[in-house]
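Descriptive structure summary
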4 protein chains.
Amino acid sequence: MRILFLGDIVGRSGREGVLRHLPALLKDLALDFVIANGENAAGGFGITEKIAAEFFAAGVDCITTGNHVWDQRELVSQIDRMPNLLRPINYPEGTPGRGFAVLPSKDRRRKVLVMNAMARVFMDPLDDPFAAVERVLRVHRMGPGGVDAAVLDFHGEATSEKMIMGHVLDGRVSLVVGTHSHVPTADLQILNGGTAYQTDAGMCGDYDSVIGMKKDAAIHKLVRRLPGERFTPAENDATVTVCGLFVETDDRTGLAARVEPLRLGGRLKPAMPSAAA
Amino acid sequence: MRILFLGDIVGRSGREGVLRHLPALLKDLALDFVIANGENAAGGFGITEKIAAEFFAAGVDCITTGNHVWDQRELVSQIDRMPNLLRPINYPEGTPGRGFAVLPSKDRRRKVLVMNAMARVFMDPLDDPFAAVERVLRVHRMGPGGVDAAVLDFHGEATSEKMIMGHVLDGRVSLVVGTHSHVPTADLQILNGGTAYQTDAGMCGDYDSVIGMKKDAAIHKLVRRLPGERFTPAENDATVTVCGLFVETDDRTGLAARVEPLRLGGRLKPAMPSAAA
Amino acid sequence: MRILFLGDIVGRSGREGVLRHLPALLKDLALDFVIANGENAAGGFGITEKIAAEFFAAGVDCITTGNHVWDQRELVSQIDRMPNLLRPINYPEGTPGRGFAVLPSKDRRRKVLVMNAMARVFMDPLDDPFAAVERVLRVHRMGPGGVDAAVLDFHGEATSEKMIMGHVLDGRVSLVVGTHSHVPTADLQILNGGTAYQTDAGMCGDYDSVIGMKKDAAIHKLVRRLPGERFTPAENDATVTVCGLFVETDDRTGLAARVEPLRLGGRLKPAMPSAAA
Amino acid sequence: MRILFLGDIVGRSGREGVLRHLPALLKDLALDFVIANGENAAGGFGITEKIAAEFFAAGVDCITTGNHVWDQRELVSQIDRMPNLLRPINYPEGTPGRGFAVLPSKDRRRKVLVMNAMARVFMDPLDDPFAAVERVLRVHRMGPGGVDAAVLDFHGEATSEKMIMGHVLDGRVSLVVGTHSHVPTADLQILNGGTAYQTDAGMCGDYDSVIGMKKDAAIHKLVRRLPGERFTPAENDATVTVCGLFVETDDRTGLAARVEPLRLGGRLKPAMPSAAA
Ligand SMILES: [Fe+2]
Ligand SMILES: [Fe+2]
Ligand SMILES: [Fe+2]
Ligand SMILES: [Fe+2]
Ligand SMILES: [Fe+2]
Ligand SMILES: [Fe+2]
Ligand SMILES: [Fe+2]
Ligand SMILES: [Fe+2]
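This structure is a prediction, so every number in the text was calculated from the model and none was measured.

**Some remarks on helix α5 (residues 159-169) of chain D**
The element α5(D) is extensively covered by neighbouring structure, given that ten of its eleven residues are classed as buried. Along α5(D), the positions that sit buried rather than exposed are Thr159(D), Glu161(D), Lys162(D), Met163(D), Ile164(D), Met165(D), Gly166(D), His167(D), Val168(D) and Leu169(D). The secondary structure elements touched by the buried residues of α5(D) are α6 (215-224) of chain C together with α4 (129-139), β6 (149-155), β7 (175-179) and β9 (196-198) of chain D. Taken from the residues just after α5(D), Gly171(D) is the one with a positive phi, measuring 95°.

See below:
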């Protein structure tokens, strides 16, 4: 199966970057499934039902999130009617929404397990993401009789914790990919057991910024330590890079057969997966 | 000037990877100056005078460090006689060693200012790195009459804080490069004002690991939350990648004219700077 | 029921302070049950089976712990045979030991539920302590037909999180008491629903110290930020204070009828519960 | 000299509690100087010029603050005309306001040095509070020819860091008192060198709350991890306790001769300093 994963989409410029590139990507890469992290899609903070609908209409099959999931509060009451939008699985029991879903591929013939979990080092105190993911995998195994591919968006800060998750799941899922740092890492690889891994997918947003937000307000707050303007997304379309990765899985095992970084537009070194293996 | 920067060198396998590749790099890239972060060179924890001497003999001109600088305690009494080995500048007044140095290029005709500072978000409480760097730059300006190039190794966790430092120094130094995450980022670029920037240079070490350390002990500690074996470096030479970046500066201004990632060996996507512009 | 709770016992001087005062306290206060936090009893770091045995022999009925529980590694293999020594309940599933126990009062006629949980703000990432405690209370209710008293040692840093736990359990347990800060708080009170509450019981140890440890090493590390001597307990018996609290519960409801602070010896303002209500 | 220190005043109920008790305290204790931490006086968040003026009119001689100092943004432009209102000294250079002041006693015949610093463990990254305080003390020594008394409000989270400050300044100031935790500690004492010390003065506010704020919103946020109502102060006058301490200094040395806790009203165990030594 041919899967595209896109990192945290930030603000209007990030959304438009994704929507502009997606049609060609769907066709050129013959994508079977598209996942995108949408936690910063609405003005940098959270996501709304309307924005999610735009992504789904454009060909995104599943939206993941992270610590910013509830920044647009109305999502709390909307999320239960959005089966393709995930919130981190390790929020307390009783939290609206769900942390994983088994969804059909575009040809409707295969099933993809998508999981979304939050790391804990330097992040909010949540339940054990390792245990939460194990519980899902006990029910939804990858391979014959189970799901055809499995992806975990592990939203976190510390590189060590993300790598540990990669190794713990190695051989049991197609892809473990980190989000949240808003910077793509250059460590995309296939681990020993066949699982694709990247510490962070990077953001879809303006890289002439501070993690997608306008520079001045961020500098003012961190360097001067004084109250200042609200943070708003940087929105120069010329410096927007759409960042993510492409993984082609083996349909018999679900494991990664090929993995390639994606970086389109803006100032980062371009990377476009090749259409054919 | 042609400058090579190498990220955190981890353990024996990281050291040997660097020493193996450096001779060819020095020649092929006609390097004028080499900086390497050595905070994890001694068994993953700190650095010794002996190890530093090996790097200097191999062509490293300046070693930077970070939060692990004092892991080998004897360095506290040795560092004052090692003018080319820096510790983060924002340690308390009276800390042995120094946080910046003006050092000659290999041809002895040009001067390079190297600064080493520690970020604070999710890190130890230290003095303001922004103010510390400003004080140095007030004395050692880059450009005619001042230094010919200036590099800051900004050792930190949060991508936002590193980007802020890049923008704050943009136009005034040749390069702001992050270390500490042990994962290379794919955001190497030249900022608006002419300063090269990369959120993290990545490590020189075994990437089939948890940030360079053996997997089992790290998994045991983080996932099971029980005491376990000491952390030791992963040392499979076949999966060691030497990570860093190459920046060519304009000799009139000191600003970056060309910047390219470096990733040699192991499992990460290879990247070798081209010899000629 | 008449219950004594003692805060973190630190090192030899803390242990001896407790052992010296306990005989008279047992008699004068006609205690039915004694709980002590022992996470720092062994040289300031953890506890051993032998030390625990001394406390049990002296009249302690249950020992609680905290983040230092595994500092003496042999406890990992010993704890399963020590039914009266608890580790925080919210460690990962599969962790040796247990996080709560229902234990007999000294007269063997009543049952006390003791729970030990770890807070998460500024602490290690563990599972939700609120959910963990709720699961216990669903099975072991306090009152007729259930346990006669219930106590939670909530080991944590942030005063806000501890207060929240107090209010969440108010009316359902006899006592919520914090540990870990090593400083007694002066906010002992009975909450609206009848639960006794104190943000921190304080330590049983030398208060001419830094949270029970020798001053010089602590100052060196925090102020100078250099490696130094190992931390060892301050052990001046003249400045040891035994800190805790006394709660008398209503035998029909298990709720707190009377609560009084205990501070014996050393330099803190003395406080001795009165024998009779 | 007879000095009263009051901990963080929270919201309307905290302000009114202080204003109600202060007239009698001034008279009964024959106070020479009054300090109060006002960082939460304005609706729980920050302080305004108007509120500060009320405190000054009621007999407060100096207001200290902490991490909430700028919550009411207009203070940024007002603070420079308020010589008796301090912000933590270790904010970046160029921050409006000042972190210490030498102020006259009520009889105008003696001088009191008041310092306000912020701790760093589990707090915002600021400059070294130990170094900052040393710089002040190098200029303003206590004793003959210098100031008659010296007080540090050390606003911080970790008990260890506060104790370290106490010991570091022991013998050189009259009082080191912590604020920020909003819970009074029962460890008020005179250290070996003659400096009075208390880990936290506690708040002046409603103790039937979560650190002075309404319970429901705090529980919702921490336990359920969902967005909820804004935090607002708990304002039941019946459960407001005014918390602080009284220190009588030796006029020849400035050191503490007598120290007593103060807790008035509400549900905490009452403590009223005796008028005469
Ligand atoms: Fe995030
Ligand atoms: Fe994000
Ligand atoms: Fe580091
Ligand atoms: Fe490192
Ligand atoms: Fe403790
Ligand atoms: Fe503890
Ligand atoms: Fe505060
Ligand atoms: Fe406060």
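**A few points about the relation of the copies chain C and chain A**
Mapping between the two copies of the chain is achieved by a rotation about an axis and a shift along the axis. In the superposition of chain C on chain A (RMSD 0.0 Å, axial shift 0.0 Å), the rotation amounts to 180°. Viewed as a symmetry operation, the transformation between the two copies matches a two-fold axis. Minimal C-alpha separation from the rotation axis in chain C is found for Asp127(C), amounting to 2.2 Å. Of the interface residues in chain C, 100% have counterparts in chain A that sit at the interface too, so the contact is made through matching surfaces.

**What to know about the relation of the copies chain C and chain D**
Rotating chain C by 180° and translating it 0.0 Å along the rotation axis places it on chain D, where the RMSD comes to 0.0 Å. Most of the interface of chain C is mirrored in chain D, where 98% of its interface residues are also at the interface.

**Section: the state of the cysteines**
Such a bond, covalent and formed between the sulfur atoms of two cysteines, is termed a disulfide. Summed over the entire model, instances satisfying the criterion amount to zero disulfides over all chains. Of the cysteine sulfurs around Cys62(C), a residue in no disulfide, the closest is that of Cys204(C), at 15 Å. Left without a disulfide partner, Cys204(D) is nearest to the cysteine sulfur of Cys243(D), which lies 6.3 Å away. We classify Cys204(D) as buried; its relative accessible area is 0%.

**A look at the coordination of the iron ion (ligand 7)**
Here the iron ion (ligand 7) is held by the protein donor atoms Glu39(D) (OE), Asn67(D) (OD1), His155(D) (NE2) and His180(D) (ND1), which lie 2.1 to 2.2 Å from it. Considering all four donor atoms around the iron ion (ligand 7), angles at the metal cover 84 to 150° and the coordination shape is irregular.

**Some thoughts on the interface of chain C and chain D**
For interface size, the figure often reported is the accessible area lost on association. Contact residues are listed per partner, giving 42 residues for chain C and 41 residues for chain D. Here chain C packs against chain D, burying approximately 3600 Å² in sum over the two surfaces, 64% of which is carbon and sulfur. One can count zero salt bridges joining chain C with chain D. At the junction of chain C and chain D, the tally comes to twelve residue pairs in polar contact (both at pLDDT 80 or more). Among the elements that make up the side of chain C that touches chain D, the one with the highest residue count is helix α5 (residues 159-169) of chain C (seven residues). Tallied by class, residues from the side of chain C that touches chain D come to 22 nonpolar, nine polar and eleven charged.

**With respect to the packing of helix α6 (residues 215-224) of chain A against helix α5 (residues 159-169) of chain B**
Their axes nearest at 10 Å, the elements α6(A) and α5(B) cross at an angle of 105°. It follows that α6(A) is roughly perpendicular to α5(B) by the angle criterion. On α5(B), the residues that touch Lys215(A), Ala218(A), Ile219(A), Leu222(A) and Val223(A) of α6(A) are Glu161(B), Ile164(B), His167(B) and Val168(B). Split into classes, the residues belonging to the contact of α6(A) with α5(B) amount to six nonpolar, one polar and two charged.

Definitions and cut-offs
Residues numbered from 1 in each chain as written. Chains lettered and ligands numbered in written order. Predicted model: local features only at pLDDT ≥ 70, side-chain atom pairs only at ≥ 80, totals over all residues. Heavy atoms only, no water. Buried < 20%, exposed > 50% of the residue type's maximum accessible area, 1.4 Å probe, protein only. Helix = DSSP H or I, 4+ residues; strand = E, 2+ residues; numbered from the N terminus. Contact = heavy atoms within 4.5 Å. Least-squares fit on C-alpha atoms with pLDDT ≥ 70 in both. Disulfide = S-S within 2.5 Å. Donors = N, O, S within 2.8 Å, 3.2 Å for Na, K, Ca; no water. Tetrahedral: all angles 85-135°; square planar, octahedral: opposite > 155°, others 65-115°. Buried area = accessible area lost by both parts, 1.4 Å probe. Salt bridge = Lys/Arg side-chain N within 4 Å of Asp/Glu carboxyl O. Polar contact = N/O pair within 3.5 Å; in protein donor to acceptor, adjacent residues only side chain to side chain. Nonpolar A, V, L, I, M, F, W, Y, C, P; charged D, E, K, R; others polar. Axes fitted to C-alpha atoms, helices over the stretch in contact; angles between N-to-C directions. Parallel < 35°, antiparallel > 145°, perpendicular 65-115°, else oblique.

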